[in-house]
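# Examining the three-dimensional arrangement
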Amino acid sequence: SNVIGVQVVMGVTHALHSPLMAVTNAISGTTALGGIHLLAHSHSPFVTSLAAGATILSTINIVGGFIVTTKMLDMFKRPDDPPEYYHLYGIPTAGALGVYGLA
């Protein structure tokens, strides 16, 4: 499947690469949610380990997709574009996790 996946991705034109990454991230998101669901409801250590592995690998794929997409979009930046404040995106996440931890 790795060889077929590489051949499919390498055959895609550059204009279609970002939509392909979006679909790949959506599929990985579904896999991650399925793994989280299995982690919450499994009664077998084997199923729990498979669910943990699926969740971890899917999360790595999602983060990698966002990194690649960001790098591709950075290629189109002009020198006079305003700065991006990506580091501020973590503030709402930290707040939500903090509220979730208190509940």
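Residues numbered from 1 in each chain as written. Predicted model: local features only at pLDDT ≥ 70, side-chain atom pairs only at ≥ 80, totals over all residues. Heavy atoms only, no water.

### Details of the overall build of the chain
- For the chain, the helix and strand inventory stands at four helices and zero strands.
- Shown N-terminal to C-terminal, the secondary structure of the chain runs as helices and strands in the order α-α-α-α.
- Considering the chain as a whole, with its 103 residues, one finds that 14% of them fall into the buried category.
- Summarising the internal contacts of the chain: among those between residues at least 6 apart in sequence, 50% fall at separations of at least 24.
- Here the chain displays about 8200 Å² of accessible surface, and carbon together with sulfur accounts for 74% of that area. (Helix = DSSP H or I, 4+ residues; strand = E, 2+ residues; numbered from the N terminus. Buried < 20%, exposed > 50% of the residue type's maximum accessible area, 1.4 Å probe, protein only. Contact = heavy atoms within 4.5 Å. Areas by Shrake-Rupley, 256 points an atom, 1.4 Å probe, with all protein chains shown as cover.)

### Examining a nonpolar patch on the surface
- A grouping of Ile56, Leu57 and Ile60 is seen on the molecular surface, where their side chains present a nonpolar patch of about 330 Å² in accessible area.
- Considering the arrangement of structural elements, one finds Ile56 in helix H3 (residues 45–74). (Patch = residues over 30% accessible without salt bridge, like charges linked within 9 Å, V, L, I, M, F, W, Y side chains within 5 Å. Salt bridge = Lys/Arg side-chain N within 4 Å of Asp/Glu carboxyl O.)

### A few points about H3
- With 30 residues, H3 should cover 44 Å at 1.5 Å per step; its first-to-last C-alpha distance of 43 Å lies within 8% of that length.
- Ala51, Thr55, Ser58, Ile62, Gly65 and Met72 are the residues of H3 that are buried. (Expected span 1.5 Å × (residues − 1).)

### Thoughts on helix H4 (residues 90–102)
- A rise of 1.5 Å per residue sets the reference length of H4, with its 13 residues, at 18 Å; its end C-alpha atoms lie 18 Å apart and thus fit the reference within 8%.
- Judged by how many residues are buried, H4 sits mostly at the surface: zero of 13 residues are covered.

### Section: the confidence of the model for the chain
- On average, the chain scores 83 in pLDDT, and the residues at 70 or more come to 82%.
- Ranking the helices and strands of the chain by mean pLDDT puts H4 first, with 89, and helix H1 (residues 2–10) last, with 68. (pLDDT = per-residue confidence, 0-100.)

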